Amino acid sequence: MSLAKPAMRGLLGKRLRFHLPIAFALSLVAAAAFKYGVTEPRKQAYADFYKQYDTTKEFNNMRDAGVFESVRPTGE
Amino acid sequence: MLATRALSLVGKRAISTSICVRGGHGVAKVDDYALPAYFDRRENPLPDVQFVTELSAVQKSLKEKEKGSWATLSNEEKIALWETQLLAPTRVYRISFKQSFAEMNEGTKEWKSVIAGMFFFIGMTGLVVLWQRKFVYGPVPPTFESEWKEKEVQRMLDMRINPVEGFSAKWDYENKEWKK
């Protein structure tokens, strides 16, 4: 009983034809997941924060807490 | 080349005790490790020599008959050889090879020793670390004390560290407490 002759050529090509599309697809999925799972929510969070941000009020709060060196808290 | 051809008449492994004549100058003893060797390797399926080197008389006759057509063996010869298991295909195989591919490829139980060794040395390292903590290292700086840490946190909140998504974002400035 004789065995079939194994594939002798084209092994790398066969492997690439199988693995490269999968690799590209998975990379795209990973990038899309990161974009829509992380970066877009983060951009939205920053936009929402600064929409309601009162610069002067925050500055005065920080000044009164005493963290600045250029201005002393009000009343000193 | 001529010397090895001559040596092949002597017998494949009997060469170890014979000597190699080189160009009339003298004799050089051929050491065992310099001869073609037998080894079971998956990547080199047909080694340079067969496994069984010294064939008994019966095995020798079998090898001779193996070279010819097995149909020419008489029935008595076949039965006699079969009874001695010499004509069995596996027996012929075992003359040429020590282990089959299945046998040479099978895994060992070595991984258990490896894991045991790993755990042992990690444990030894742990003991060394504990001893170091007690006898080598000095006290930690004052910046690790609770009062210092409280003042640190308060200052970070005053400075509004990471107010969007991070540290100060979790503090409720109206009620002066951490957000739920």
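Residues numbered from 1 in each chain as written. Chains lettered and ligands numbered in written order. Predicted model: local features only at pLDDT ≥ 70, side-chain atom pairs only at ≥ 80, totals over all residues. Heavy atoms only, no water.

What to know about the interface of chain A and chain B
Move 1: Between chain A and chain B, the residue contacts involve 11 residues of the former and seven residues of the latter.
Move 2: Both sides together, the interface formed by chain A and chain B hides about 800 Å², and carbon and sulfur atoms give 62% of it.
Move 3: The largest per-residue losses of area from chain A upon contact with chain B belong to F49, M62 and V67 of chain A, which jointly make up 50% of the total buried on that side.
Move 4: Across the chain A-chain B interface, the total number found is two salt bridges.
Move 5: Two residues, E58 of chain A and R160 of chain B, come together in a salt bridge whose shortest N-O distance is 3.0 Å.
Move 6: Every element with two or more residues in the side of chain A that touches chain B is listed here: helix 1 (11-51) and helix 2 (55-65) of chain A.
Move 7: Ranked by the residues each element gives to the side of chain A that touches chain B, the list is headed by helix 1 of chain A, at six residues. (Contact = heavy atoms within 4.5 Å. Buried area = accessible area lost by both parts, 1.4 Å probe. Salt bridge = Lys/Arg side-chain N within 4 Å of Asp/Glu carboxyl O. Helix = DSSP H or I, 4+ residues; strand = E, 2+ residues; numbered from the N terminus.)

Re the UniProt feature "transmembrane region" (unreviewed entry) in chain B
Move 1: In this numbering, the UniProt entry assigns the feature "transmembrane region" (unreviewed entry) to residues 114-132 of chain B.
Move 2: Spanning residues 114-132 of chain B, this segment combines 100% helix with 0% strand, and its end C-alpha atoms are found 27 Å apart. (UniProt positions renumbered as here; feature names shortened; annotations may be inferred.)

Thoughts on the confidence of the model for chain B
All names here are of chain B.
Move 1: For chain B, per-residue confidence averages 79 on the pLDDT scale, and 69% of positions sit at 70 or higher.
Move 2: Confidence scores differ between elements of chain B, with helix 1 (residues 2-10) showing the lowest mean pLDDT of 46 and helix 6 (residues 110-135) the highest of 97.
Move 3: Both scores are available for the predicted complex, with the pTM at 0.54 and the ipTM at 0.75. (pLDDT = per-residue confidence, 0-100.)

Examining the layout of surface pockets
Move 1: Put simply, the largest pocket is a space of about 680 Å³.
Move 2: Along its surface, the largest pocket is lined by 23 residues, and E58 and N61 of chain A together with R160, Y173 and E174 of chain B are the ones closest to its centre.
Move 3: Mapped onto the lining of the largest pocket, the elements with two or more residues apiece are helix 1 and helix 2 of chain A together with helix 7 (146-158) and strand 3 (171-172) of chain B.
Move 4: If one sorts the elements of the lining of the largest pocket by residue count, helix 2 of chain A sits on top with four residues.
Move 5: Of the residues contributing to the lining of the largest pocket, the split by class is nine nonpolar, four polar and 10 charged. (1 Å grid on protein atoms, 1.4 Å probe; cavity = no way out; pocket = protein on both sides within 12 Å on 5 of 7 lines; lining within 4 Å. Points joined across faces, edges and corners; volume = space filled by probe spheres on them. Nonpolar A, V, L, I, M, F, W, Y, C, P; charged D, E, K, R; others polar.)

A short note on the side chain of D172 of chain B
Residue and element names in this part refer to chain B.
Move 1: Summarising the element assignment, D172 is placed in strand 3.
Move 2: Buried and without a salt bridge, D172 has K179 as its closest oppositely charged side chain, separated by 6.4 Å.
Move 3: Of note is the side chain of D172, whose polar atom sits 2.9 Å from the side chain of N175.
Move 4: In contact with D172, not counting residues within four places along its chain, are E177 and K179. (Buried < 20%, exposed > 50% of the residue type's maximum accessible area, 1.4 Å probe, protein only. Lys, Arg positive; Asp, Glu negative; His and termini not counted. Polar contact = N/O pair within 3.5 Å; in protein donor to acceptor, adjacent residues only side chain to side chain.)

Focus: the packing of aromatic side chains
Move 1: Evaluated as defined, the whole model comprises nine aromatic pairs over all chains.
Move 2: Relative to Y53 of chain A, the ring of F49 of chain A has its centre 5.3 Å away and its plane inclined at 35 degrees; by these criteria the two rings are tilted.
Move 3: Judged by relative accessible area, which is 31%, Y53 of chain A ranks as partly exposed.
Move 4: Geometrically, the ring pair formed by W171 of chain B and W178 of chain B is edge-to-face, given 5.0 Å between the ring centres and 85 degrees between the ring planes.
Move 5: A relative accessible area of 40% places W178 of chain B in the partly exposed class.
Move 6: Grouping aromatic residues by their ring pairs yields a cluster made of F49, Y50 and Y53 of chain A.
Move 7: The side chain of K35 of chain A reaches across the aromatic face of Y36 of chain A, ending 5.8 Å from its centre.
Move 8: In this structure, K149 of chain B packs its charged tip against the face of F144 of chain B, placed 5.5 Å from the ring centre. (Phe/Tyr/Trp six-rings, centres within 6.5 Å; stacked < 30°, edge-to-face > 60°. Lys NZ or Arg CZ within 6 Å of the ring centre and 35° of its normal.)

Comments concerning the pattern of salt bridges
Move 1: Enumeration over the complete set of coordinates arrives at nine salt bridges over all chains.
Move 2: The partner of R42 of chain A in a salt bridge is E165 of chain B, with the nearest N and O atoms 3.3 Å apart. Taken together, the positions of R42 of chain A in helix 1 and E165 of chain B in the loop between helix 7 and strand 3 put the pair across two chains.
Move 3: Using a relative accessible area of 44% as the deciding quantity, one classes R42 of chain A as partly exposed.
Move 4: A single salt-bridge network, built from bridges that share partners, covers K35, E40 and K43 of chain A.

Description of unusual backbone geometry
Residue and element names in this part refer to chain B.
Move 1: You will see that R160, though not glycine, has its phi angle at about 60 degrees, which is positive.
Move 2: Examined against the element boundaries, R160 turns out to sit in the loop between helix 7 and strand 3.
Move 3: We note that N162 has phi near 50 degrees; this positive angle belongs to a residue other than glycine.
Move 4: Tracing the sequence through the fold places N162 in the loop between helix 7 and strand 3.

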